[in-house]
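Coordinates in review
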Amino acid sequence: MCGIVGYVGPRDCSDVLVSALTKLEYRGYDYAGIAVFENGKIEVAKSKGRLSDLVAKMEKEGKPKGHAGIGHTRWATHGEPSDVNSHPHSGRRVTIVHNGIIENYKDIKKFLIENDRTEFLSDTDTEVVAQLLDFYYDGNPIRCIRKVLHEIRGSFALGIVFADRPETVYAVRCESPLIVGQGPGEAFIASDVPAIIKYTKDYYLLEYGEIAVLKNGSVSFCDFHGRMVEKELKTADFDEDSAEKGGFEHFMIKEIHEQPTAVKTTITPRIEDGLPNLSECGITKETLKSFNNIFIVACGTAMHAGMVGKYVIEKLARVSVTVDIASEFRYRDPLLNTDDLVIIISQSGETADSKAVLNLVKEKGAKTLAIVNVKGSSIAREADMVIYTHAGPEIAVASTKAYMVQLSVMYLLAFEMAFAKGKITEEKCRRLTSELQKTPEVIEKAIGLSYNCQYISTKLITADSLLYIGRGLDYALSMEGSLKLKEISYIHSESYAAGELKHGTISLITEGMPVIAVATQTSLLEKTISNIKEVKARGAMTIVICDDEAEFDDEVADHIIRIPKISEMLMPMVATVPMQLLAYYTSVNKGNDVDKPRNLAKSVTVE
Ligand code: M6R
């Protein structure tokens, strides 16, 4: 829920830290801070608010000048966002930045107070760790870190500097992700690769239970027992441009435009001779045949991709699929058998609830398949099988291209499973696969509808509340449309199965209330149109998203967004585009911070 960075090398450390934090701000933006060795002394600059507030403060008061240090941008978890609660936090000789949660910080604080350590300034769990490090520090940093690691509980990563170890940065990983970048004569730490891609593409992935020491531009590693560890240097498969806005006003709109390429890159290597082939992901036909029940578990947008997956897998492969929200699934003692498959979908691969589900499911002996975007993330590494989506880095908090590629994988999986189980013929499987291969082109055309969506969004900005409705796949899709809109426009929005409206929700309709109806399923069109008529008759302003061949009485719609038609089953991949654009332009028109909506963060690594 926050971003850690660190640097040791010849460059101006404050500049490097700020530049790296800029790329991590999507992880949290309630406060930011840095600590740099200046003439052998640790100098701290920190501020509540955005990174730009910290930069402004340093412009006014001066920035720490040096060549080694740590930095942080955070989504507040303990205490309100304030200068004092901002990281870095210090003990007398130790300064740290921290990502994650220390579960037993209250017990540790009590222990420290009982031992005459009473100088706590903030409400954070982090300061308690800084004080504990200081309490145990006897001049040997690794010994001290190891001792503390045996006492604190939780899921976290730390960046640490000791006042008497100038030009040296220590990093620790326990669950929360952390990478160590290596350039010629310089080294970095970061919560995510895009933060340092400007400086180097080479990095080590710190594993759970490892400590890194960055000194004199080089790096060494040991485990929590103090044993040296040899690690493999990896190279990022994207460059700085992919982590920049590339001429677009916001990351979100850039990422919407990247969807055709992302889909192509995700599906192409998994199609062989016109048929889906997921064997490179460790998924064989035999495996696919063996499952009796499927559970798809995820959070937010990823869960919505799972909803589409449910419709498609059940329809084609005739296997029962249950979709669950990870935070519910983990506490409801789910009924799982060893011949069940649990699919965890996650862009980041680090979402705390989804990760907890993975662990739970493994304990119960069911097979796990992760559909993940971030390479080497915890969920990807711990699942039995993994299908990586190739969306590239997604920076905007509102997920767009990650959702789109998750959908594309749901289809591939459904097609291959249905064929493996003998529920569809080879010819049908080929036809569906070939249709899927055409989607990048159709998505491109749908993006071309920006102007229409931009105009319609002007009709939404004054709304206090709106409804998204649909039937079948359109209902699954409307859940995502509704989340996208409320997330960045701050307009209250709900999604409803169109046929369910008259069982209560229709009483909400008042004169001029927007109702966005997704009506791309030809077989259900007539029924959906009846539901649109019902809300229209009660004064709703109706916006209909349908294909460009749909025939109905135009009068039911105040506004129509016609999208290119492909096969009914694949329409969600096209219809999602106008929903993203409506949300984007509504947010822009309201003057909101599109990429960093209030109260949110990209990667939710706390419960
Ligand atoms: O990284 P994940 O896919 O596991 O994240 C899950 C949700 O937090 C995420 O999809 C969230 O709902 C997005 N902000 C929605 O745009």
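The structure presented is a predicted model; accordingly, all values stated were derived computationally and were not measured. Numbering of residues starts from 1 in every chain and runs along the sequence as written. Local features in this predicted model are restricted to residues of pLDDT 70 or higher, and side-chain atom pairs are both shown and tallied only at a pLDDT of 80 or more, whereas totals for entire chains, interfaces and linings draw on every residue. As a convention, hydrogens and water are excluded, and side-chain values are obtained from all of the structure's heavy atoms.

**Quick look at the overall build of the protein**
Spelled out, the test is: Helix numbers and strand numbers start at the N terminus; a helix is a DSSP run of H or I with at least 4 residues, a strand a run of E with at least 2. Radius of gyration: over C-alpha atoms. The globule rule applied is 2.2 Å multiplied by the number of residues raised to the 0.38 power. For every residue, the accessible area obtained with a 1.4 Å probe (protein chains only) is divided by the maximum for its type, and the residue is called buried under 20%, exposed over 50%, and partly exposed between those limits. Each accessible area is a Shrake-Rupley result for a 1.4 Å probe, and residues are judged covered by the shown protein chains and nothing else. Counted as positive: Lys and Arg. Counted as negative: Asp and Glu. His and the chain ends are not counted at all. Lys charges are placed at NZ, Arg charges at CZ, Asp charges at CG and Glu charges at CD.
The helix and strand tally for the protein stands at 18 helices and 26 strands. In summary, the protein has a C-alpha radius of gyration of 25 Å against a globular reference of 25 Å for 607 residues, a match within 12%. Dimensions along the principal axes, computed over C-alpha positions, put the protein at roughly 75 × 55 × 45 Å. Each of the 607 residues in the protein was classed as buried or not, and the buried ones make up 62%. As displayed, the protein offers around 22,800 Å² of accessible surface, 48% of which is attributable to carbon and sulfur atoms. Each charge class in the protein can be summarised by its mean position, and for the 70 positive and 84 negative side chains these summaries are 2 Å apart.

**Thoughts on the sheet that holds strand E22 (residues 465-470)**
Selection criterion: Any two strands with at least two DSSP-identified bridges between them are counted as paired. In this description, a line fitted to the C-alpha atoms serves as the axis of each element, helices being fitted only across the stretch in contact, and the angle between N-to-C directions of two axes falls anywhere from 0 to 180 degrees. Contacts are assigned to residue pairs that have any heavy atoms within 4.5 Å of one another.
Pairing is parallel in the open sheet, where five strands are placed in the order E23-E22-E24-E25-E26. Every other strand in the sheet has two partners, leaving strand E23 (492-497) and strand E26 (559-563) as the edge strands with one partner each. When strand polarity is set aside, the average angle formed by the axes of neighbouring strands in this sheet is 15°. As paired strands, strand E24 (residues 514-519) and strand E25 (residues 541-547) are joined by six bridges and run parallel to one another. In the strand pairing of E25, Ala 519 is matched with Cys 546. Contacts from helix H15 (residues 450-457) reach E25 and E26, with the element oriented near 155° to E26. This element, helix H16 (residues 473-489), spans E22, E23 and E24 of the sheet and lies at about 175° to E23.

**Notes on the site of the ligand**
The cut-off we apply is this: Residue proximity to a molecule or strand is established when one non-hydrogen atom of the residue lies within 4 Å of it. Under the rule applied, a polar contact is a pair of N or O atoms within 3.5 Å (in protein, one hydrogen donor and one hydrogen acceptor; residues adjacent in sequence only if both atoms are side-chain atoms). Residues are grouped as follows: Ala, Val, Leu, Ile, Met, Phe, Trp, Tyr, Cys and Pro are nonpolar; Asp, Glu, Lys and Arg are charged; every other residue, Gly included, is polar. Annotation comment: domain bounds sourced from an automatic or database domain assignment.
By nearness alone, 15 residues border the ligand, and Ser 346, Gln 347, Ser 348, Thr 351 and Glu 487 come closest of all. A distance of 3.0 Å is found between a nitrogen atom of the ligand and a backbone nitrogen or oxygen belonging to Val 397. Between the ligand and the protein, one listed contact pairs a nitrogen atom with a side-chain N or O atom of Glu 487 at 2.6 Å. Counting residues per element, the ones that place at least two in the shell around the ligand are helix H9 (300-317) and H16. By residue class, the composition of the shell around the ligand is six nonpolar, seven polar and two charged. Split by domain, the residues of the shell around the ligand number at least three in each of domain 2 (252-427) and domain 3 (447-589).

**Focus: the nonpolar core**
For the record, the criterion: What is meant by a nonpolar core is a set of buried Ala, Val, Leu, Ile, Met, Phe, Trp, Tyr and Cys residues, joined one to another through side-chain atoms within 4.5 Å.
Judged by nonpolar contacts, the single largest core of 128 residues is most densely connected at Ile 294, Leu 316, Ile 343, Ile 387, Tyr 411, Ile 561 and Met 573. Ranked by the residues each element gives to this core, the list is headed by helix H13 (residues 401-420), at 14 residues. Setting aside residues no more than four positions away along its own chain, Ile 561 makes contact with Leu 449, Asn 452, Cys 453, Ile 456, Ile 543, Val 544, Ile 545, Cys 546, Pro 578 and Leu 582. By size, the runner-up hydrophobic cluster in this structure holds 31 residues, among which are Leu 133, Tyr 137, Cys 144 and Phe 156.

**Describing the sheet that holds strand E5 (residues 89-90)**
Across the sheet, six strands lie side by side as E5-E6-E7-E8-E12-E13; this open sheet has antiparallel pairing. Since the sheet does not close on itself, it has two edges, and those belong to E5 and strand E13 (218-223), each with one partner.

**As for helix H18 (residues 571-589)**
Selection criterion: For a helix, the expected span equals 1.5 Å multiplied by the residue count minus one.
In a regular helix each residue adds 1.5 Å, so 19 residues correspond to 27 Å; H18 covers 28 Å between its end C-alpha atoms and thus fits that length. With 17 of 19 residues buried, H18 is to be regarded as a mostly interior element. Within two residues after H18, Gly 591 carries a phi angle of roughly 75°, on the positive side.

**Focus: the environment of Ser 327**
Structurally, Ser 327 can be placed in helix H10 (residues 326-329). Between the C-alpha atoms of Ser 327 and Ala 298, which are 29 residues apart in sequence, the distance is 8.4 Å.

**Let's talk about the environment of Glu 444**
By the secondary structure assignment, Glu 444 is in helix H14 (residues 426-447). For the pair formed by Glu 444 and Gln 259, sequence separation is 185 residues and the distance between their alpha carbons is 7.9 Å.

**Considerations on the pattern of salt bridges**
Here the idea is simple: oppositely charged side chains can pair when their charged atoms come close. Heads up, the condition is: Definition used for salt bridges: Asp or Glu carboxyl oxygen within 4 Å of a side-chain nitrogen of Lys or Arg.
Applying the stated criterion across every chain yields a total of 35 salt bridges. Two residues, Arg 430 and Glu 426, come together in a salt bridge whose shortest N-O distance is 2.7 Å. Taken together, the residues span about one helical turn, with Arg 430 and Glu 426 both in helix H14 at a distance of four residues. The partner of Arg 562 in a salt bridge is Asp 554, with the nearest N and O atoms 3.8 Å apart. For Arg 562, a relative accessible area of 28% puts it in the partly exposed group. What you see here is one network of salt bridges that share partners, running through Asp 12, Asp 15 and Lys 63.

**Points about the environment of Gly 209**
Mapping Gly 209 onto the fold places it in the loop between strand E11 (202-205) and strand E12 (210-215). Residue class for Gly 209 comes out buried when judged on its relative accessible area of 10%. As for Gly 209 and Ala 157, which are separated by 52 residues in sequence, their C-alpha atoms are 9.8 Å apart. In this structure Gly 209 touches Arg 173, Cys 222, Asp 223 and Phe 224, once residues within four positions along its chain are discounted.

**Some words on the packing of H16 against H18**
Worth spelling out the cut-off: Should an angle fall under 35 degrees it is taken as roughly parallel, and over 145 as roughly antiparallel, whereas 65 to 115 is taken as roughly perpendicular and any remaining angle as oblique. Should the near helix be turned anticlockwise from the far one by less than a right angle, the crossing is termed left-handed; should it be turned clockwise, right-handed.
Packing of H16 against H18 brings their axes to within 9 Å, and their N-to-C directions diverge by 20°. Taken together, the axes of H16 and H18 are roughly parallel relative to one another. Where H16 crosses over H18, the two elements pack in a sense that is right-handed. Contacts between H16 and H18 involve Leu 473, Leu 477, Gly 481, Lys 484, Leu 485, Ile 488 and Ser 489 on the former and, on the latter, Pro 572, Ala 575, Thr 576, Met 579, Leu 582, Ala 583, Tyr 584, Thr 586 and Ser 587.

**Thoughts on a positive patch on the surface**
What counts is decided by this rule: Patch membership is restricted to residues that have no salt bridge and whose relative accessible area is over 30%. Joining uses 9 Å for like charges and 5 Å for the nonpolar side chains Val, Leu, Ile, Met, Phe, Trp and Tyr.
A cluster of basic residues, Lys 315, Arg 318, Lys 423, Lys 428 and Arg 431, forms a positive patch at the surface. Inspection of the secondary structure assignment puts Arg 431 in helix H14. Judged by its relative accessible area of 48%, Arg 431 falls in the partly exposed class.

**What about the side chain of Arg 173?**
Inspection of the secondary structure puts Arg 173 in strand E8 (residues 168-174). An unpaired buried charge is present at Arg 173: no salt bridge exists, and Glu 350, the closest side chain of opposite charge, is 4.2 Å distant. If we ignore the near neighbours within four places in the chain, the residues touching Arg 173 are Phe 156, Ala 157, Leu 178, Leu 206, Glu 207, Tyr 208, Gly 209, Glu 210, Phe 224, Glu 350, Ser 378 and Arg 381.

**Some details on the packing of helix H7 (residues 259-267) against H13**
Here H7 crosses H13 at 35°, and the two axes come no closer than 9 Å. The handedness of the crossing between H7 and H13 is right-handed. On H13, the residues that touch Gln 259, Ala 262, Val 263, Thr 266 and Ile 267 of H7 are Lys 401, Met 404, Val 405, Ser 408, Val 409 and Leu 412. Residue composition of the contact of H7 with H13, by class: seven nonpolar, three polar and one charged.

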